[in-house]
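# Summary of the model geometry
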Amino acid sequence: MLTIALPKGRLGDKVYSLFAKIGYDCREMLEDNRKLVFTSEQNGVRYLLVKPSDVAIYVEHGAADIGVVGKDVLLESEPDLYELLDLKLGSCHLAVAAKNGYVEDEESVLRVATKYPHVAQSYYESLNRQIEIIKLNGSIELAPILGLSDVIVDIVETGTTLKENNLFVMQKIVPSSARLVANKSSYKFKGAMIDRITALLKGEIAND
Ligand code: PRP
């Protein structure tokens, strides 16, 4: 049996539809329940529903054989796993944003609020810019509004959250989208099944 970690939330729905299109659906997952593990005997797979930022942890440690995770998460945590395929879902950017009208004072240390401290640090290091990281876990857009930070480094998908909070994109750092990933030893022992699913997904993406 192959264990697949899928992200809960807005990316999760798109990923579920993609797996359903290649014949790897699991009706029970569409029901209104609080279950986190779903088994599809006919496909020989078990799905785990986990927080998007935890998918890579399940896969890296072998609790799941494969999973779907945002490139943003991979860039932040740099897990030791195989990145097999860009699923072209949940496309967004990691970007620097600030309050409308904000002008950077290049003489002072820049205060950066983010869920992505590693990405932010690397980005500003590449610019030789001194920063102070303020690590938050959500609603990052509040930080510059309240003066907790000068800027934020966060994902921007539609741009609606920034717009509705009077913020703007100052710089795009890197694009992101959902990736199919595999545990390294699972790939050694269950490679045929993983390759089959990867090929089916690749074909489906090409048809879209
Ligand atoms: C993410 C991100 C932004 C928003 C961007 O937050 O942190 O707040 O989505 O999307 P948009 O450009 O389409 O508006 P998420 O919904 O994951 O919640 P969070 O604030 O708890 O991180």
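On a predicted model such as this, the values are computed, not experimentally measured, just so you know. (Residues numbered from 1 in each chain as written. Predicted model: local features only at pLDDT ≥ 70, side-chain atom pairs only at ≥ 80, totals over all residues. Heavy atoms only, no water.)

## Brief notes about the overall build of the protein chain
Within the protein chain one finds eight helices and 11 strands. Oriented by its inertia axes, the alpha-carbon framework of the protein chain measures out at about 60 × 35 × 30 Å. Going through the 208 residues of the protein chain one by one, you find that 45% of them count as buried. The long-range share in the protein chain, meaning contacts at least 24 apart out of those at least 6 apart in sequence, stands at 67%. Per element, the accessible surface of the protein chain, about 11100 Å² overall, is 49% carbon and sulfur. Seen as two clouds, the 24 positive and the 29 negative side-chain charges of the protein chain have centres 4 Å apart. (Helix = DSSP H or I, 4+ residues; strand = E, 2+ residues; numbered from the N terminus. Buried < 20%, exposed > 50% of the residue type's maximum accessible area, 1.4 Å probe, protein only. Contact = heavy atoms within 4.5 Å. Areas by Shrake-Rupley, 256 points an atom, 1.4 Å probe, with all protein chains shown as cover. Lys, Arg positive; Asp, Glu negative; His and termini not counted. Charge placed at Lys NZ, Arg CZ, Asp CG, Glu CD.)

## Looking at the environment of Lys 115
Checked against the element boundaries, Lys 115 lands in the loop between strand E7 (110–114) and helix H4 (117–126). Judged by relative accessible area, which is 33%, Lys 115 ranks as partly exposed. Each C-alpha atom of the pair Lys 115 and Thr 3 lies 28 Å from the other, and the pair is 112 residues apart in sequence. When neighbours within four sequence positions are excluded, Lys 115 is seen to be in contact with Glu 76, Lys 135, Leu 136, Asn 137, Gly 138, Ile 140, Val 153 and Asp 154.

## Quick look at the site of the ligand
Around the ligand, the surrounding shell holds 13 residues, and the nearest of these are Arg 10, Lys 115, Glu 141, Thr 158 and Thr 161. Within the side chain of Arg 10, a nitrogen or oxygen atom sits 2.5 Å from an oxygen atom of the ligand. Side-chain polar atom of Thr 161 to an oxygen atom of the ligand: 2.4 Å apart, as the coordinates give it. Here the ligand loses 73% of its free accessible area of 500 Å² to cover by the protein chains. For the shell around the ligand, the secondary structure elements donating two or more residues are strand E9 (151–156) and helix H6 (160–164). In terms of residue count, E9 provides more of the shell around the ligand than any other element does, three residues in total. Looking at side-chain class alone, the shell around the ligand contains two nonpolar, six polar and five charged residues. (Near = heavy atom within 4 Å. Polar contact = N/O pair within 3.5 Å; in protein donor to acceptor, adjacent residues only side chain to side chain. Nonpolar A, V, L, I, M, F, W, Y, C, P; charged D, E, K, R; others polar.)

## Thoughts on a nonpolar patch on the surface
Nonpolar side chains collect at one region of the surface, where Leu 142, Ile 145, Leu 146 and Leu 148 lie side by side and expose about 380 Å² of accessible area between them. With respect to the helices, strands and loops of the structure, Leu 148 is situated in the loop between helix H5 (142–146) and E9. In this structure Leu 148 comes out as partly exposed when scored by relative accessible area, which is 43%. (Patch = residues over 30% accessible without salt bridge, like charges linked within 9 Å, V, L, I, M, F, W, Y side chains within 5 Å. Salt bridge = Lys/Arg side-chain N within 4 Å of Asp/Glu carboxyl O.)

## A look at the domain arrangement of the protein chain
Split by domain assignment, the protein chain resolves into domain 1 (2–90 + 177–207) and domain 2 (92–174). Each of domain 1 and domain 2 has a C-alpha centre, and these two points are 30 Å apart. Between domain 1 and domain 2, the contact holds seven residues from the first and 10 residues from the second. With both sides pooled, the region where domain 1 packs onto domain 2 buries about 760 Å², and carbon together with sulfur makes up 48% of that total. (Domains from an automatic or database assignment. Buried area = accessible area lost by both parts, 1.4 Å probe.)

## Brief notes about the environment of Glu 141
With respect to the helices and strands, the residue Glu 141 is situated in the loop between strand E8 (131–135) and H5. Judged by relative accessible area, Glu 141 falls into the buried class, the value being 12%. In the structure, Glu 141 is positioned 42 residues away from Lys 99 in sequence and 9.1 Å away in space, judged by C-alpha atoms. Leaving out residues up to four positions away in the same chain, Glu 141 has contacts with Ile 152, Asp 154, Thr 161, Leu 162, Asn 165 and Leu 167.

## A few points about the side chain of Glu 76
With respect to the element layout, Glu 76 can be found in helix H3 (residues 71–77). For the buried Glu 76, no salt bridge exists, and the shortest N-O distance to an oppositely charged side chain is 7.0 Å, to Lys 135. In this structure Glu 76 touches Lys 115, Tyr 116, Pro 117, His 118 and Val 119, once residues within four positions along its chain are discounted.

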